Amino acid sequence: MGATLAINNNKDRIQVNLKLSSLTTEEVGPANDLATILQGYTSSTLSAGDAHLAFATDVDRGLHCRPRRLDCKYLYDQRGSELFEAICDLPEYYLTRTETQILTKVAEEIAAETGPLTLVELGAGTSRKTQLLLDAYCAIESQPDYIAVDVSRSALDKGRRMIGETLPTVRFHPLCASYQQAMPIFSETGKTIVVFLGSTIGNFSEQEFNVFFHQVADNLTMGDYVLLGVDLHKNVETLEAAYNDSAGVTQCFTRNLFSRINRELGASIDLNQVEHLACYNEAAHQIEICVRFLESQEIFIEPLNARHRIEAGERINTEISRKFTLDGLASRLAAFGFKTRKVFSDPDNLFALLLLKRQETHLHLE
Ligand code: TRP
């Protein structure tokens, strides 16, 4: 496991933990009032100024790397979140449709297995799919608590409105934060299920995957659950079509990251010269998404007064999307203290949902 990432993430977690514990003891009164804890937590930890500087610094750091890369969480500003929602409805993008189909069938079974608890969703977006799950929890508890974590505030606002209309008994708590920032919340929420859908886990490298599950396991309590959505191995044609749709929405989604850099960081990238590419790497079992610059350009990062020259033909990686097999996954998750309680799939085995339970045994992989 790479030391830098683990250390950085640990530092992140410790800082957030400290803030959270000082809030719960001094400022917000009774620790069982989840809404109050979250309110104080949001306003104290996440200032807009910090976020802007973090964006500039991360872009600058990624452009210094070889190969150059950008952090995929920045794909999801307001425009990016809207484009991603449009991707989810594309005929070629089978993931959302298939996961929804599975959830529709098994939501009640999941709620019956876990019993009443708090749902915490990482990367909730507009919570469209989660409504199916929440509906099942509404049948077994009067006012289920649901914490929706996402970096896009506009997506959270939309989700809150939709859930308010369709499932008014759900106590919806939006938390605009990264996954790392949100994890200390798990220890404040009583019995919990962490919901992580859309095969977002596939957007992590092997090392990030390990750090993520290590942290989730650390922050959860024995008997808590994780619901994990994963995309499975399949033929190259189906996979590549999902990330190169004929309507060109995915191209717009990738390009939006560069128009966001223009808007927020004062760069003047000519977007017409930025081409989206997505190819399946069969050996690594992953879709690799990048842009290719058709002409050489300079990227100026105003807040840091930094300049990067990109040559014609040069690529910048924006995302990977790894594909999984079920056997491999269950044994890897066991090493982090997660027992696979149930596996649900569609008839064509395109996608799977795993219901994991946090167990006593927790082997540290470091
Ligand atoms: N979690 C999604 C996936 O891996 C993210 C995604 C879908 C995506 N389409 C994309 C990311 C296109 C970048 C570009 O499928």
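Residues numbered from 1 in each chain as written. Predicted model: local features only at pLDDT ≥ 70, side-chain atom pairs only at ≥ 80, totals over all residues.

**Observations concerning the overall build of the protein chain**
Put simply, the test is: Helix and strand assignments follow DSSP, with helices taken as H or I runs no shorter than four residues and strands as E runs no shorter than two, numbered in order from the N terminus. Each residue is classed by its C-beta neighbour count within 10 Å, where at least 20 other C-beta atoms makes it buried, 12 or fewer makes it exposed, and intermediate counts make it partly exposed; the C-beta atoms are placed from backbone geometry. Residues are defined as contacting one another if the C-beta atoms placed from their backbone atoms lie within 7 Å.
Secondary structure assignment for the protein chain yields twelve helices and twelve strands. Taking all 366 residues of the protein chain together, the buried fraction comes to 40%. At a minimum sequence separation of 6, the contacts of the protein chain that also span at least 24 residues come to 75%.

**So, the site of the ligand**
Convention followed: In this text, near has one meaning. A residue is near a molecule or strand if its C-beta atom, placed using the backbone, is within 6 Å of it. Any residue that is not Ala, Val, Leu, Ile, Met, Phe, Trp, Tyr, Cys, Pro, Asp, Glu, Lys or Arg is counted as polar, Gly included; the first ten are nonpolar and the last four charged.
The full set close to the ligand counts 14 residues, and G198, T200, T250, E319 and S321 are the nearest of them. Listing elements by their share of the shell around the ligand, those giving two or more residues are α11 (249-265) and β10 (315-322). Here the residues of the shell around the ligand sort into five nonpolar, eight polar and one charged.

**Considerations on the pairing of strand β3 (residues 171-176)**
The test is simple: Two strands are said to pair when DSSP picks up at least two bridges between them. Every crossover in which the path from the first strand over the helix to the second runs clockwise, viewed with the strands pointing away from the viewer, is termed right-handed.
Most of β3 is tucked away: five of the six residues are buried. With six bridges joining them, strand β2 (residues 145-150) and β3 adopt parallel strand pairing. Bridged to D145 within β3 is R171. For the segment spanning β2, helix α7 (residues 153-166) and β3, crossover handedness is right-handed.

**Topic: the environment of Q180**
Looking at the secondary structure, you find Q180 in helix α8 (residues 179-182). A C-alpha to C-alpha distance of 8.3 Å links Q180 and F212, two positions 32 residues apart in sequence.

**A few points about the sheet that holds β10**
What counts here: Axis definition: a line fitted to C-alpha atoms, limited for helices to the stretch in contact. Angles are taken between N-to-C directions and run from 0 to 180 degrees.
Read across the sheet, three strands follow the order β6-β7-β10 without closing on themselves; strand pairing throughout is antiparallel. Looking at the sheet topology across the chains shown, the edges are occupied by β6 (274-281) and β10. Across the sheet, the mean angle separating the axes of adjacent strands is 20 degrees when strand polarity is ignored. The pairing of strand β7 (residues 286-293) with β10 spans seven bridges and is classified as antiparallel. Across the sheet, I287 pairs through a bridge with S321, a residue of β10. Here α11 sits on the sheet in contact with β6, β7 and β10, set at roughly 120 degrees to β6.

**Structural notes on the nonpolar core**
Test applied: As used throughout, a nonpolar core is a set of buried Ala, Val, Leu, Ile, Met, Phe, Trp, Tyr and Cys residues joined through C-beta atoms within 7 Å of each other.
Core analysis: the largest hydrophobic core is formed by 93 residues, its most contacted members being V149, V194, V195, F196, V226 and L227. Sorting elements by how many residues they give to this core places helix α5 (residues 94-114) first, with seven residues. Among residues more than four places away in sequence, those in contact with V226 are I193, V194, F196, V216, F338 and L356.

**Comments concerning the packing of helix α4 (residues 78-88) against α11**
What counts here: Small angles under 35 degrees read as roughly parallel and large ones over 145 as roughly antiparallel, with 65 to 115 read as roughly perpendicular and the rest as oblique. Crossings are classed by handedness, with left-handed meaning an anticlockwise turn of the near helix from the far one by less than a right angle and right-handed meaning a clockwise turn.
It is the contact of α4 with α11, at a shortest axis distance of 9 Å, that shows an interaxial angle of 160 degrees. By the angle class used here, α4 and α11 are roughly antiparallel. Here α4 runs over α11; the crossing is left-handed. Here R79, G80, L83, F84, A86 and I87 of α4 come into contact with α11, specifically with V249, T250, C252, F253 and N256. Broken down by class, the residue content of the contact of α4 with α11 amounts to seven nonpolar, three polar and one charged.

**What to know about the sheet that holds strand β1 (residues 118-122)**
Strand order across the open sheet formed by seven strands is β3-β2-β1-β4-β5-β12-β11, with mixed pairing between neighbours. Of all the strands in the sheet, the pair left with one neighbour each is β3 and β11 (338-345). Ignoring which end each strand starts from, the neighbouring axes of this sheet average 20 degrees apart. Pairing geometry for β1 and strand β4 (residues 192-196), over four bridges, is parallel. In the sheet register, V120 faces β4, and the bridge partner there is V194.

**Examining the confidence of the model for the protein chain**
Note the following rule: Confidence scores per residue from the predictor, reported as pLDDT, run from 0 to 100.
Per-residue confidence for the protein chain averages 89 on the pLDDT scale, and 87% of its residues sit at or above 70. Within the model, the stretch residues 1-31 combines pLDDT values under 50 with 38 contacts to residues more than four positions away or in other chains.

**Thoughts on the pairing of β4**
The element β4 is extensively covered by neighbouring structure, given that five of its five residues are classed as buried. Neither face of β4 is left uncovered, since the one carrying T192, V194 and F196 and the one carrying I193 and V195 both have all their residues buried. Crossover connection from β4 via helix α9 (residues 206-219) to parallel strand β5 (residues 225-231): handedness right-handed.

**With respect to unusual backbone geometry**
Going from R66 to P67, the amide bond is cis rather than trans, its omega being -10 degrees. Note on placement: P67 falls in the loop between α3 (48-64) and α4. Look at H285: it is not a glycine, yet its phi comes out positive at around 55 degrees.

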